[in-house]
Amino acid sequence: MYSSLILLPFFGVIVLNLPFRALMKKCAFWLCLSIVLFQICLILFPQICCFSDKLDALGSFFKFDFAVDSLSRVMLFCIGIVLFTALFVQRNNCEDEDKIFNFANVSLLILCGMNGVVMVKDIFSLYVFLEITAVSSFILIAFNKESVAFEGAFKYIILSAVATVLMLAAIALFLVISGDTGFSAISSALKVSQGRFFIGFAVGIFLCACFIKSGLVPFHGWVPDAYSSAPASVSVLLAGVVTKTVGIYTLIRIVNSIFGFGDPIKHLLLAVGAISIVVGALAALGQKDIKRMLAYSSISQVGYIVIGLGTGTALGLTGAIFHLFNHSIFKSLLFVNSAAVESETGTRDMDKLSGLAKKMPLTGITSILGSLSCAGIPPLAGFWSKLIIIIALWVSGFRGYAIIAVLASVLTLAYFLSWQRSVFFGILKEDLANVKEAGFGLVFPALILAVIIVGVGIFFPLFINSFALPIENILGG
Amino acid sequence: MSSEVINLFFYYGFFVVMLFIIGIYCVLATFNLIRALIGLEILIKAVTLLLIAVGYVTAHEALAQSLVITLIVIEAVVITISVGVVVGIHSYNKSLDVRKIRNLKG
Amino acid sequence: MYLDIIILVVLLLASLWTVMTRSILRSAIGLALTSVILSIVMFRLNSPLAAVFELSVCAGLISVLFVSTISITQPYTTEEILKRMKDMFARFRFLPLIIIVSAIGLAFVSIKPVINLPPPEAIKDARVMLWNVRGFDVMGQILILLTGVFGIVILFKEGLKK
């Protein structure tokens, strides 16, 4: 059933490039949107997929071999929602039919890539799909061919290529002891030959590659540049799912399935996570550009996910995955809002904006919900995931880290409040008097995302039963 | 396995590490964008050599070869895209010197 | 064994020349040379198929790409190149030193751990391996080639707008 998630986008690309160009240009957006909607429905209601047996037969030709557990399903759902949002934002910002056609093609390919990353159980195939995702995101960053976008893309290319080289070197070293690239084979081989120097080295460089890909603090240089220079729809996609899939999901999956939670790995994850939280939050305080501030805030929130993973307990892992989900939702909501502000006023500089809440009520309200969720204010979704992470840290004895997490949460609230105060509240400036609410393509996805944030927050007790219990089973599996 | 094979692996490992140092130094020290890409290529060459050597030492040549073939295809695509980005940067700045095109602060 | 070591030393020298040479065009040619020598090493390590790929794709296609990019983007006058040469020499003169020092260092650090090598594999043919066992990677190759095609269409074809 899950092979359709790779094959449908693949066939979508092929169908779009059949000879009927004029027709296909008209329906490219809708085809792409329906494939994304199919993915969301398949995750929510697995029983709808009745034609999937034939696709599975086709998948077996390519030796599809998937391991889909609850973590993968959470990620697949996030990918669907965020790509849906990004498509609407792109359609709103760009009228050119050719551009939408190209965007639909590349986003189908990036969908293939991310679905592959989420579902494989072979470390080399993981690398292959990481590269598909990375190459598509390079293209998307440089999509509008602006000068800064090329530079952001080049920075991302260099760091990402170094990360994949490190990853491949680690894979080669694992191959020495396991002779196979499956997760389970490597995991059992690692248990046999533990404590060898070069195996420790391989684990270290693999983790380092994951840190580069997810933009954690010693290696975060590319994140603000890539996010702020990309087109609006692409920043939604990058911040919402791409770096989360290629970096954080890979980290969680590899640590959980292959390396296991040894003491050195735990301490490394906790230290890197804590540094990212603090540095990201402090750097976000000093930013004037909305997108750069959101990018630094993203680094800080990724730190929370990593610190939750670092506890190595079922509770911490649940918190980390829940925060990963929440972060995808609220960060894409905030990037949609920044796109709305930018498209209506033409600037992202906070000093030039003020008092927009009266002119753009829906954008204002949804952005308040998004920032409060990010800062961890109760009843919203972000509060519960941060609470779980902090409780997990406290229970497993890392009390210093728990205190850091709580204090940094105050910093988060501080920079979001200053953002809200300078952009949405205050006196409306004269040159902004003609601003009106953003278009449908920017308001509709923002409303959907805001409803998810509030809904998950309020119905948290219902949600946690279907969410947390399966996660305990995947630990160490 | 015999210690001779292990020795062989460490010989190759030695040269792989040397290639890594050259590549990383090139990426870090150069100010020219194309030269940075050439440094990346040398890094990828080092990894290719490592994979092939591992395949030879563990008598898994078939697996190592199929991995390397995939790696080479991916490498070609990545280099093509990055060359496209470099040409794009050049069309704006008329220069490939990193010091002249630093608009982004990091 | 001695022949192998000589080839590897030549590989190292070629890559060093690639990095250290002053003209960027020569650097691209040096990369192609490195690729050719690497493919000889691969051939000697029982991997003929991968060696052919390395030779045709890396030494052929990628160097053509680099050379054409350099010819598109090479606006320097002679003085600029001369100035650049000194500049480069200042930054890269430490590299051979680093290489020699780290080589001596690595030669003294003799870690020879006992490695439990895995059993030899069942499938001996790389073609069978690629198509029958690692078919998913073939799918990945198709996808990344499609991505590359769209990348070329988006980055090159539409013409650069100012």
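The text that follows walks through the structure, step by step, so that each part is easy to find. (Residues numbered from 1 in each chain as written. Chains lettered and ligands numbered in written order. Predicted model: local features only at pLDDT ≥ 70, side-chain atom pairs only at ≥ 80, totals over all residues. Heavy atoms only, no water.)

## With respect to the overall build of chain A
- Check the secondary structure of chain A and you find 19 helices and zero strands.
- Taken against the 2.2 N^0.38 rule, which gives 23 Å for 477 residues, the C-alpha radius of gyration of chain A at 21 Å falls within 12% of a compact globule.
- Across the 477 residues that make up chain A, the buried fraction comes to 66%.
- Taking as baseline every contact in chain A between residues at least 6 positions apart, the subset at least 24 positions apart corresponds to 82%.
- For chain A, the exposed area adds up to about 15,100 Å²; of that, 68% sits on carbon and sulfur atoms.
- Between the mean site of the 30 positive side-chain charges and the mean site of the 24 negative ones, chain A shows a separation of 3 Å. (Helix = DSSP H or I, 4+ residues; strand = E, 2+ residues; numbered from the N terminus. Rg over C-alpha atoms; globule rule 2.2 N^0.38 Å. Buried < 20%, exposed > 50% of the residue type's maximum accessible area, 1.4 Å probe, protein only. Contact = heavy atoms within 4.5 Å. Areas by Shrake-Rupley, 256 points an atom, 1.4 Å probe, with all protein chains shown as cover. Lys, Arg positive; Asp, Glu negative; His and termini not counted. Charge placed at Lys NZ, Arg CZ, Asp CG, Glu CD.)

## A closer look at the interface of chain C and chain B
- Contacts between the two partners involve 84 residues from chain C, matched on the other side by 68 residues from chain B.
- Of the roughly 6,900 Å² buried between chain C and chain B on both sides combined, carbon and sulfur atoms contribute 78%.
- Summed over the three residues of chain C that lose the most area to chain B, namely Leu45, Phe66 and Leu117 of chain C, the buried surface amounts to 9% of that side.
- Between Glu54 of chain C and Lys45 of chain B there is a salt bridge, with its nearest N and O atoms 3.6 Å apart.
- Viewed at the interface, chain B and chain C are joined by seven residue pairs in polar contact (both at pLDDT 80 or more).
- Listing elements by their share of the side of chain C that touches chain B, those giving two or more residues are α1 (2-20), α2 (24-44), α3 (48-72), α4 (78-92), α5 (94-108), α6 (126-133) and α7 (135-157) of chain C.
- Looking at the side of chain C that touches chain B element by element, the count peaks at 14 residues for α3 of chain C.
- Here the residues of the side of chain C that touches chain B sort into 55 nonpolar, 14 polar and 15 charged. (Buried area = accessible area lost by both parts, 1.4 Å probe. Salt bridge = Lys/Arg side-chain N within 4 Å of Asp/Glu carboxyl O. Polar contact = N/O pair within 3.5 Å; in protein donor to acceptor, adjacent residues only side chain to side chain. Nonpolar A, V, L, I, M, F, W, Y, C, P; charged D, E, K, R; others polar.)

## Comments concerning the nonpolar core
All names here are of chain A.
- Counting 272 residues, the largest nonpolar core has Phe174, Phe206 and Phe259 as its most contacted members.
- Considering each element in turn, this core owes the most residues, 22 residues, to helix α7 (residues 147-178).
- Apart from residues lying up to four places away in sequence, Phe206 is in contact with Ile123, Met167, Ala170, Ile171, Phe174, Ile254 and Phe259.
- With twelve residues, the next largest nonpolar core counts Ala274, Ile277, Ile389 and Ala408 among its residues. (Core = buried A, V, L, I, M, F, W, Y, C linked by side-chain atoms within 4.5 Å.)

## Looking at the pattern of salt bridges
- One pass over the structure, following the stated rule, counts 14 salt bridges over all chains.
- Taking the shortest distance from any N to any O, the salt bridge between Asp125 of chain C and Arg127 of chain C comes out at 3.2 Å.
- When its relative accessible area of 30% is taken as the criterion, Asp125 of chain C is described as partly exposed.
- Within this structure, Glu41, Lys45 and Glu75 of chain B together with Glu54 of chain C form a network of salt bridges that share partners.

## Some thoughts on the interface of chain A and chain C
- Chain A puts 41 residues into the contact, and the matching count from chain C is 29 residues.
- Taken over both partners, the interface formed by chain A and chain C buries close to 3,000 Å², and the fraction arising from carbon and sulfur atoms is 72%.
- Our enumeration of links across chain A and chain C arrives at one salt bridge.
- Residue Arg134 of chain C pairs with Asp122 of chain A through a salt bridge whose shortest N-O separation is 3.0 Å.
- In this assembly, chain A and chain C are joined by four residue pairs in polar contact (both at pLDDT 80 or more).
- Going through the elements one at a time, α1 (4-16), α5 (97-119), α6 (123-141), α7 and α9 (197-214) of chain A are the ones with two or more residues in the side of chain A that touches chain C.
- With nine residues, the single largest contributor to the side of chain A that touches chain C is α6 of chain A.

## Quick word on α9 of chain A
Residue and element names in this part refer to chain A.
- With 18 residues, α9 ought to run about 26 Å at 1.5 Å a step, and its terminal C-alpha atoms sit 26 Å apart, in line with that.
- Extensive coverage of α9 is indicated by the burial of 13 of its 18 residues.
- Just downstream of α9, Gly215 is the residue with a positive phi angle, here 70 degrees. (Expected span 1.5 Å × (residues − 1).)

## Some words on the packing of α1 of chain C against α2 of chain C
Residues and elements named next belong to chain C.
- Viewed as axis vectors pointing N to C, α1 and α2 meet at an angle of 160 degrees, and their least axial separation amounts to 8 Å. In this view, α1 runs roughly antiparallel relative to α2, as classed from their interaxial angle. Judged by the twist between their axes, the crossing of α1 over α2 is left-handed. Facing Leu3, Asp4, Ile7, Leu8, Val10, Leu11, Ala14, Ser15, Trp17 and Thr18 of α1, the residues of α2 in contact are Arg26, Ser27, Gly30, Leu31, Leu33, Thr34, Ile37, Leu38, Ile40, Val41 and Arg44.
- Class assignment for the residues of the contact of α1 with α2 results in 13 nonpolar, five polar and three charged. (Axes fitted to C-alpha atoms, helices over the stretch in contact; angles between N-to-C directions. Parallel < 35°, antiparallel > 145°, perpendicular 65-115°, else oblique. Left-handed = near helix turned anticlockwise from the far one by under 90°.)

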